[in-house]
Amino acid sequence: MSTVTELSEILTFRAGPRVREIVQREGRLDPARIRMMVGASGGPKWLVLAHLDRAIMRRWIVGRSEPLDLLASSIGTWRFACYAQADPLKAFDRLEEAYLAYRYKPGDSAADISRDSFAILDHFLGDSGAAEALQGPMRLSVMAVRGRHILNSDHKVPLGAGLMAAAMGNLVSRKSLGLFFERALFADPRSGGHFADWSGMPINHIPLTADNLRQAIMASCSIPLVLDAVGDIAGAPAGLYRDGGIIDYHFDQAFLQNDPEGVVLYPHFYDHVVPGWFDKPLFWRRGRPGNMDNVLLIAPSAKLVASLPYGKIPDRKDFTRLKTDERLAYWRQVLIETRRMADAFECIIERGLLPEMLQPL
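To start, this report covers the structure provided alongside it. The structure displayed is predicted, hence computed values, not measured ones.

## Points about the overall build of the chain
Of regular secondary structure, the chain possesses 14 helices and 11 strands. For 361 residues, the compact-globule formula gives about 21 Å, and the C-alpha radius of gyration of the chain, at 19 Å, lands near that figure. Each principal axis of the C-alpha distribution contributes one length, and for the chain these read about 60 × 50 × 45 Å. Counting only residues that meet the buried cut, the chain has 58% of its 361 residues in that class. Considering only residue pairs separated by 6 or more positions, the chain has 78% of its internal contacts joining residues 24 or more positions apart. Of the roughly 14500 Å² of accessible surface on the chain, a fraction of 55% belongs to carbon and sulfur atoms.

Here you go:
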């Protein structure tokens, strides 16, 4: 039988002080306390969470009747659009199937990649997924950004110049990103997205509907210069919409400030939070501890990641660094080896070991 030490070599549980107090007091995490989930940007990194997501669904999501806010950007929106469907496990199977069937070809244009990405999205949404996502207890919120000024363009020269200027401004202050982009939060009207403090940068709150859910999800995934921006989104202000991770890569926000007993569940690729896309190389720019008070973050351990092929989790560079057959063999091996994360999670919950697993976040 696995010990706490052995389990911690597979999964890392990091929690803010409010979560640690609740779990230590009650000896467990009551699923009803989970009021919100967060999903980060990260492209193929989501594959490392594929089995853990399914275990979380089986333990805490399937059959749930209490409302649950789901907030995500980029690839996180694909995962959470599965969580929100009537049969999330089957939706997740469709996502994995379509994602692994994708064949990137060197020289593919942004238009080509956007077309193929829409095909993956349509496969896992199916005929009824968009409507289902807005009917059950899950309340999906999709974060994108709308380009301002020079960045309201898909032409490479102004887009590239604008991105460089935004990156330079971000070096000085994250708030400078508000000069170049504004948040576009497409939120289930039953929630409205009012579960976080969005001050500090301009934001548009836009109702998420069956008519714009597909476009909003794709906008949230549209990496500049890699995919085309998405325009003419139903119910949204005119303009071009792009990857929500530009501002909210991992979401460094204060959540559920009016719900001191609520928990924010965060299945994540890492055991830390990087605020925005431009902050990835800035080792000093990490999530503010005060924003993590009620967050429970679950991530693969450093030891597990080191044991994977190439000693890392999948990432977007795999598309160009590896030939298609090599990439898919690597990704499928990651899926096999990270099944241990789901097994460890089930063991920890079944045996009531969560209080012993918690580390500070």
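On we go.
## Section: the pairing of strand S5 (residues 181–187)
By the criterion of burial, S5 is predominantly enclosed, with seven of the seven residues buried. The side-chain alternation of S5 yields two buried faces, one formed by Phe181, Arg183, Leu185 and Ala187 and the other by Glu182, Ala184 and Phe186. Inspection of the sheet shows S5 paired to strand S6 (residues 203–207) by five bridges, in the parallel sense. For Ala187, the partnering residue across the bridge sits in S6 and is Pro207.

## Focus: the nonpolar core
Phe13, Met37, Trp78, Phe186, Phe255 and Leu296 are the most contacted members of the largest nonpolar core, which totals 114 residues. Considering each element in turn, this core owes the most residues, seven residues, to helix H3 (residues 50–61).

## Some words on the pairing of strand S3 (residues 68–73)
Burial runs high along S3: six of the six residues are buried. Residues of S3 alternate between two faces, with Leu68, Leu70 and Ala72 on one and Asp69, Leu71 and Ser73 on the opposite face, all of them buried. Direction of pairing for strand S2 (residues 34–39) relative to S3: parallel, over a ladder of four bridges. Residue pairing in the sheet places Met36 in a bridge with Asp69 of S3. Once you follow S2 into H3 and on to S3, the crossover reads as right-handed. As paired strands, S3 and strand S4 (residues 138–147) are joined by six bridges and run parallel to one another. Pairing of Ala72 across the sheet is with Val142, part of S4.

## Regarding the packing of aromatic side chains
Across all of its chains, the model carries 15 aromatic pairs by this definition. A centroid spacing of 5.3 Å and a plane angle of 75° characterise the contact between Phe80 and Tyr83, whose relative ring orientation is edge-to-face. You can see Phe80 and its partner Tyr83 sitting in helix H4 (residues 75–83), three residues apart, about one turn around the helix. Using a relative accessible area of 1% as the deciding quantity, one classes Tyr83 as buried. Ring centres of Tyr102 and Phe319 lie 5.8 Å apart, and the angle between their planes is 70°; this geometry places the pair in the edge-to-face category. Of this pair, Tyr102 sits in the loop between helix H5 (88–101) and helix H6 (110–125) while Phe319 sits in helix H11 (residues 318–321), and the two are 217 residues apart along the sequence. Each member of the pair Tyr102 and Phe319 is classed as buried. In textbook terms, an aromatic cluster arises when at least three aromatic residues are bridged by ring pairs, as seen for Trp46, Trp78, Phe92, Tyr99, Tyr102, Tyr104, Phe124, Phe319 and Trp331. Sitting over the face of the ring of Trp331, Arg327 holds its NZ or CZ atom 4.6 Å from the ring centroid.

## Focus on the side chain of Glu337
Residue placement: Glu337 occurs in helix H12 (residues 324–337). Buried and unpaired, Glu337 has no salt bridge, with Arg340 as the nearest side chain of opposite charge at 4.2 Å. Setting aside anything within four residues of it in sequence, one finds Glu337 in contact with Ser307, Leu308 and Pro309.

Rules used in this analysis
- Residues numbered from 1 in each chain as written.
- Predicted model: local features only at pLDDT ≥ 70, side-chain atom pairs only at ≥ 80, totals over all residues.
- Heavy atoms only, no water.
- Helix = DSSP H or I, 4+ residues; strand = E, 2+ residues; numbered from the N terminus.
- Rg over C-alpha atoms; globule rule 2.2 N^0.38 Å.
- Buried < 20%, exposed > 50% of the residue type's maximum accessible area, 1.4 Å probe, protein only.
- Contact = heavy atoms within 4.5 Å.
- Areas by Shrake-Rupley, 256 points an atom, 1.4 Å probe, with all protein chains shown as cover.
- Pairing = 2+ DSSP bridges.
- Core = buried A, V, L, I, M, F, W, Y, C linked by side-chain atoms within 4.5 Å.
- Right-handed = clockwise from strand over helix to strand, strands pointing away.
- Phe/Tyr/Trp six-rings, centres within 6.5 Å; stacked < 30°, edge-to-face > 60°.
- Lys NZ or Arg CZ within 6 Å of the ring centre and 35° of its normal.
- Lys, Arg positive; Asp, Glu negative; His and termini not counted.
- Salt bridge = Lys/Arg side-chain N within 4 Å of Asp/Glu carboxyl O.

Purely geometric stuff here, so don't read any function into it on its own.
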